[in-house]
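If you want the building blocks of each chain, they are given just below.
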Amino acid sequence: MQPVLDGTVALVTGASSGIGAAAAAALAAEGAAVALAARRGDRLEALAADIRDQGGTALVLECDVTDEQQAVGAVERTVDGLGRLDTLINNAGVMLLGPVVDAPLPEWQQMVELNVLGLLYCAHAALPHLLRAAEDGPRQVADMVNISSVAGRAARLGNGVYSLTKHGVGAFSESLRQEVAKRYVRVSLVEPGATATELASHNRPEILDSIRSQFGQTMSAADIADAITYIVTRPRHVAVNEMLIRPTEQER
Ligand SMILES: NC(=O)c1ccc[n+]([C@@H]2O[C@H](COP(=O)([O-])OP(=O)(O)OC[C@H]3O[C@@H](n4cnc5c(N)ncnc54)[C@H](OP(=O)(O)O)[C@@H]3O)[C@@H](O)[C@H]2O)c1
């Protein structure tokens, strides 16, 4: 049987680790040619080699998506290198937690620049290509999957600005979904709970200690990649708008 995503091209941001790396591998296994975007080129090269070993096609895009030109460049290099763009997985993100009072402002700036602006730059640059793919692509449908979080549903003490950025991702995604639904670009929101990746490791040591003490059961990046793959492999008339996924034991 022909893989469902055969002939399509997917761009995954934040593909050098965690959910992005797992999603890129999963989409490649479904037949998509994948463009891998992140700052750590060596990690992307290793993933690209794995994908090629499995018979897939991968393009490495070393870039910082908080830089507008580099984000636009990642989209353009995908289309130049792989011929089209059917799927954008807007995944790159950072989570820097802690109290609002006396928080280091650069942490807030980093989260807004990556989780909000980086995602918007990629979405803006990708949309003309996704609209074209929905018109003339092999599947007559295109996908933008934006990665939010449980924190995009509910704010908690200690996650104020992270939660702000993810609520923003949810609001933008729903508005854009309504705008492009009839043109067969599906905009989906994925809201993971605790997932074992590098995400927490970027926090200050004192914050990391408190995160670790609260950490219970976790999912794997592959569990979230599964959800992303499910979303983008639905038939043309089915759009999974939103998916909230927690480890079974996670209560909040
Ligand atoms: N893990 C969880 O529990 C969890 C829960 C809910 C939501 N999420 C969301 O899932 C997404 C993926 O996170 P993850 O858990 O997989 O964490 P991760 O392993 O830390 O992955 C983050 C990815 O973003 C990339 N990135 C960071 N800054 C970037 C930049 N300026 N330009 C381009 N890429 C950049 C990183 O690559 P480089 O450093 O190489 O650039 C890395 O590939 C995030 O949006 C996160 O908020 C995660």
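The structure displayed is predicted, hence computed values, not measured ones.

Parameters and conventions
- Residues numbered from 1 in each chain as written.
- Predicted model: local features only at pLDDT ≥ 70, side-chain atom pairs only at ≥ 80, totals over all residues.
- Heavy atoms only, no water.
- Near = heavy atom within 4 Å.
- Polar contact = N/O pair within 3.5 Å; in protein donor to acceptor, adjacent residues only side chain to side chain.
- Areas by Shrake-Rupley, 256 points an atom, 1.4 Å probe, with all protein chains shown as cover.
- Helix = DSSP H or I, 4+ residues; strand = E, 2+ residues; numbered from the N terminus.
- Salt bridge = Lys/Arg side-chain N within 4 Å of Asp/Glu carboxyl O.
- Buried < 20%, exposed > 50% of the residue type's maximum accessible area, 1.4 Å probe, protein only.
- Pairing = 2+ DSSP bridges.
- Right-handed = clockwise from strand over helix to strand, strands pointing away.
- Phe/Tyr/Trp six-rings, centres within 6.5 Å; stacked < 30°, edge-to-face > 60°.
- Lys NZ or Arg CZ within 6 Å of the ring centre and 35° of its normal.

Our focus in this paragraph is the site of the ligand. Looking at the ligand, there are 30 residues lining it, with Ser16, Arg39, Asp64, Tyr162 and Thr197 nearest. In the model, an oxygen atom of the ligand is placed 3.4 Å from a nitrogen or oxygen of the Glu198 main chain. In isolation the ligand has 880 Å² of accessible area, and contact with the protein removes 95% of it. Secondary-structure elements contributing two or more residues to the shell around the ligand are helix H1 (18-29) and helix H5 (160-180).

Let us now look at the pattern of salt bridges. In total, this model carries nine salt bridges according to the counting rule given. Notably, a salt bridge pairs Glu198 with Arg43, separated by 2.6 Å at the nearest N-O pair. Taken together, the residues span a long stretch of sequence, with Glu198 in the loop between strand E7 (195-196) and helix H6 (205-214) and Arg43 in helix H2 (residues 41-53) at a distance of 155 residues. Since its relative accessible area comes to 26%, Glu198 is described here as partly exposed. A salt bridge links Glu242 to Arg153, with the shortest nitrogen-to-oxygen separation between them at 3.0 Å. On the criterion of sequence distance, the pair formed by Glu242 in strand E9 (residues 242-245) and Arg153 in the loop between strand E5 (142-147) and H5 is long-range, its members being 89 residues apart. Using a relative accessible area of 45% as the deciding quantity, one classes Arg153 as partly exposed. The network of salt bridges with shared partners includes Arg40, Arg43 and Glu198.

The next point concerns the pairing of strand E4 (residues 87-90). Here E4 shows a buried face lined by Thr87 and Ile89 and a second buried face lined by Leu88 and Asn90. Strand direction decides the pairing type here: strand E1 (residues 9-13) and E4, joined by three bridges, are parallel. Opposite Val12, over in E4, you have Ile89 as the bridge partner. Bridge count for E4 against E5 is four bridges, and the pairing is parallel. In the strand pairing of E5, Ile89 is matched with Val145. Note that the unit made of E4, helix H4 (residues 105-136) and E5 has a crossover that is right-handed.

Before going further, it helps to spend a moment on the packing of aromatic side chains. According to the stated counting rule, one finds zero aromatic pairs in the structure shown. Across from the ring centre of Tyr230, 3.8 Å away, lies the NZ or CZ of Arg234, which sits over that ring. Over the ring of Tyr184 we find Arg236, and its NZ or CZ is 3.7 Å from the ring centre.

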